[in-house]
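Listed below are the residues making up each chain.
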Amino acid sequence: MSAKGLAPIVSEYHILWEALKHYEERLEKLSSMTTDEDQQLKYDEKLQDINGLLRSVKIAAQSDYNLELK
């Protein structure tokens, strides 16, 4: 992330991580509750995007601060 000009501080990494994890949980719940296949597909696509973001944030936090996000 810092290579693109964004250099969050440690607390911002934690806030971003928690927000993404919360949104991931919400999407998982919504996906499992819906009976509409099109809506479920939308939720699942967003979940894939969130997973990619989580990996990126985790790698950036590790690289910038040797911070282990879980």
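This text follows the structure it describes.
A short tour of the structure in this document, coming up. (Residues numbered from 1 in each chain as written. Predicted model: local features only at pLDDT ≥ 70, side-chain atom pairs only at ≥ 80, totals over all residues. Heavy atoms only, no water.)

**Some remarks on the side chain of Ser 31**
Mapped onto the fold, Ser 31 is located in helix 1 (residues 10–33). Classification of Ser 31 by relative accessible area gives buried; the value is 6%. When neighbours within four sequence positions are excluded, Ser 31 is seen to be in contact with Gln 40, Tyr 43 and Asp 44. (Helix = DSSP H or I, 4+ residues; strand = E, 2+ residues; numbered from the N terminus. Buried < 20%, exposed > 50% of the residue type's maximum accessible area, 1.4 Å probe, protein only. Contact = heavy atoms within 4.5 Å.)

**A few points about the packing of aromatic side chains**
Per the stated rule, a full pass over the model turns up 1 aromatic pair. Aromatic pair Tyr 13 and Tyr 65: ring centres 6.0 Å apart, planes at 75 degrees, arrangement edge-to-face. Placement of the pair is Tyr 13 in helix 1 and Tyr 65 in helix 2 (residues 37–65), with a sequence separation of 52 residues. Overall, Tyr 13 belongs to the buried group, its relative accessible area being 0%. (Phe/Tyr/Trp six-rings, centres within 6.5 Å; stacked < 30°, edge-to-face > 60°.)

**A closer look at the nonpolar core**
In terms of nonpolar packing, the biggest core is built from 13 residues, with Tyr 13, Val 57 and Leu 69 touching the most fellow members. Elements with a minimum of two residues in this core: helix 1 and helix 2. Looking at this core element by element, the count peaks at 7 residues for helix 2. If near-sequence neighbours (up to four positions away) are discounted, Leu 69 is found in contact with Tyr 13, His 14, Trp 17, Val 57, Lys 58 and Ala 61. (Core = buried A, V, L, I, M, F, W, Y, C linked by side-chain atoms within 4.5 Å.)

Just distances and angles here, no functional claims.
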